[in-house]
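# Observations on the three-dimensional arrangement
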Amino acid sequence: MLTISNLHVKAEGKEILSGVNLEVKPGQVHAIMGPNGAGKSTLAKVLAGYPFYDVEWGTIRFCDKDLMELEPHERSKAGLFVGSQYPLEVPGLSNREFLFEIFKAHTGEKSRDRFEVALAHLVKQQKIDPSFLDRDLNAGFSGGEKKKNEILQMGLIDPKLAVLDETDSGLDIDALKQVASNIRSFLRPDKSIILITHYRRLLDYVKPDFVHVMTDGKITATGGFELVEKLEAHGYAPC
Ligand SMILES: Nc1ncnc2c1ncn2[C@@H]1O[C@H](COP(=O)(O)OP(=O)(O)OP(=O)(O)O)[C@@H](O)[C@H]1O
Ligand SMILES: [Mg+2]
């Protein structure tokens, strides 16, 4: 589904990703952990198509397409969803209308009624406070509410690959269980997830097939769940 080969990326003249290699197959869950500033969010943003980064070298193939040739909205329509570490607040844009726009863009379905039915189903399944829908996109939302709203968007779009950047940060104990359950219900044999996280809590609920450590812009260790336990015991220094 996703093959990243020897990816080198600079921002403002500074190299941030220094040769990332990663292969994600359908049905797999990959976790990426690593110290602050290692380049995890940069990787997520490069996948999403943020404009501030210069891809100096390397390739990214997504579902048999050259991802770098696609505009951000084309990447989204091709089935890539990137949940941001810091979701943007957009005062003046109704959350419900935003969700309707992404629903129309991804399903080709123009019916307001069908959208409302799909949204109501997700709101119930994900135990979202319906009053969120009548506020502006993320405006004044708490940290955890923004993260829940990202997962609601993911549910509505039903992408092929979800890259979730610290979706677990800021969630209370019950919300973490609920979001983990929402992520698990998204996962099917033709779907894949990359979870960027600092903590094992989410990984206890959404068991990854592979755990990677990113250090200084490279993946420096890969293993199974036992790697999470090793990191908790010894930190990143041995990686
Ligand atoms: N636009 C930019 N201009 C300059 N430096 C940048 C830019 N974007 C990222 N960086 C730098 O690149 C490095 C990697 O940042 P990134 O946000 O990818 O780290 P991270 O691994 O996600 O860290 P954290 O765990 O704290 O979220 C940091 O040193 C950051 O300051
Ligand atoms: Mg980050």
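Just so you know, these numbers come straight off a predicted model, no measurement behind them.

Taken together, 16 residues form the shell around ligand 1, and within it Gly-37, Lys-40, Ser-41, Thr-42 and His-198 come nearest. Taking Thr-42, its side chain carries an N or O atom lying 2.6 Å from an oxygen atom of ligand 1. Take Glu-166: an N or O atom from its side chain is 3.4 Å from an oxygen atom of ligand 1. Within the complex, the protein chains bury 71% of what would otherwise be the 640 Å² of accessible surface of ligand 1.

Before going further, it helps to examine the sheet that holds strand β5 (residues 65–66). Strand order in the open sheet made by the four strands is β2-β1-β4-β5, with antiparallel pairing throughout. Looking at strand neighbours, the two that pair on one side only are β2 (14–24) and β5, the edges of this open sheet. Set on the sheet, helix α1 (residues 40–48) makes contact with β1 (2–11), β2 and β4 (54–62); between it and β1 the angle comes to about 105°.

This structure, assessed with the given rule, holds five aromatic pairs. Taking the centre distance of 5.4 Å and the plane angle of 55° together, the rings of Phe-103 and Phe-115 count as tilted. Of the two residues, Phe-103 sits in helix α3 (residues 95–107) while Phe-115 sits in helix α4 (residues 112–125), which places them twelve residues apart along the sequence. The rings of Tyr-50, Phe-52 and Tyr-53 are connected pair by pair, giving a single aromatic cluster. If you follow Arg-112 out to its NZ or CZ, it ends over the ring of Phe-100, 4.4 Å from the centre. Of note, Lys-207 hangs over the ring of Phe-225, and the distance from its end group to the ring centre comes to 4.4 Å.

On to the pattern of salt bridges, then. Following the criterion strictly, the structure yields 13 salt bridges and no others. Its salt-bridge partner being Arg-188, residue Asp-158 comes within 3.0 Å of it at the nearest N-O pair. Of this pair, Asp-158 sits in the loop between α5 (143–157) and β9 (161–165) while Arg-188 sits in the loop between α6 (173–186) and β10 (192–196), placing them 30 residues apart in sequence. The class for Asp-158 is partly exposed, based on a relative accessible area of 33%. Here Glu-229 and Arg-200 are joined by a salt bridge, their closest N and O atoms 3.8 Å apart. With Glu-229 in helix α8 (residues 225–234) and Arg-200 in helix α7 (residues 200–205), this pair connects stretches of sequence that are 29 residues apart. Exposure remark for Glu-229: the relative accessible area of 40% places this residue in the partly exposed category. In this structure, a network of salt bridges that share partners links the residues Arg-96, Glu-97, Arg-112, Glu-116 and Asp-134.

For α6, which comprises 14 residues, the first-to-last C-alpha distance of 20 Å matches the rise-based estimate of 20 Å (1.5 Å per residue) to within 8%. Those residues of α6 not exposed but buried are Ala-175, Leu-176, Gln-178, Val-179, Ala-180, Asn-182, Ile-183 and Phe-186. Structurally, α6 contributes buried residues whose contacts are with α4, α5, β9, β10 and α7. Between a side-chain oxygen at the N-terminus of α6 and the backbone nitrogen of Asp-174 the separation is 2.9 Å; the capping residue is Asp-172.

Bringing the packing of α4 against α5 into the picture now. One can describe the packing of α4 onto α5 by two numbers: an axis separation of 10 Å at closest approach and a directional angle of 130°. Comparing their axes, α5 and α4 come out oblique. For the element pair α4 and α5, the recorded crossing hand is right-handed. Along its contact with α4, which presents Phe-115, Ala-118, Leu-119, Leu-122 and Val-123, the element α5 presents Leu-152, Gly-155 and Leu-156. Class assignment for the residues of the contact of α4 with α5 results in seven nonpolar, one polar and no charged.

Rules behind the numbers
Residues numbered from 1 in each chain as written. Chains lettered and ligands numbered in written order. Predicted model: local features only at pLDDT ≥ 70, side-chain atom pairs only at ≥ 80, totals over all residues. Heavy atoms only, no water. Near = heavy atom within 4 Å. Polar contact = N/O pair within 3.5 Å; in protein donor to acceptor, adjacent residues only side chain to side chain. Areas by Shrake-Rupley, 256 points an atom, 1.4 Å probe, with all protein chains shown as cover. Pairing = 2+ DSSP bridges. Helix = DSSP H or I, 4+ residues; strand = E, 2+ residues; numbered from the N terminus. Contact = heavy atoms within 4.5 Å. Axes fitted to C-alpha atoms, helices over the stretch in contact; angles between N-to-C directions. Phe/Tyr/Trp six-rings, centres within 6.5 Å; stacked < 30°, edge-to-face > 60°. Lys NZ or Arg CZ within 6 Å of the ring centre and 35° of its normal. Salt bridge = Lys/Arg side-chain N within 4 Å of Asp/Glu carboxyl O. Buried < 20%, exposed > 50% of the residue type's maximum accessible area, 1.4 Å probe, protein only. Expected span 1.5 Å × (residues − 1). Parallel < 35°, antiparallel > 145°, perpendicular 65-115°, else oblique. Left-handed = near helix turned anticlockwise from the far one by under 90°. Nonpolar A, V, L, I, M, F, W, Y, C, P; charged D, E, K, R; others polar.

This is a description of form; function is not addressed.
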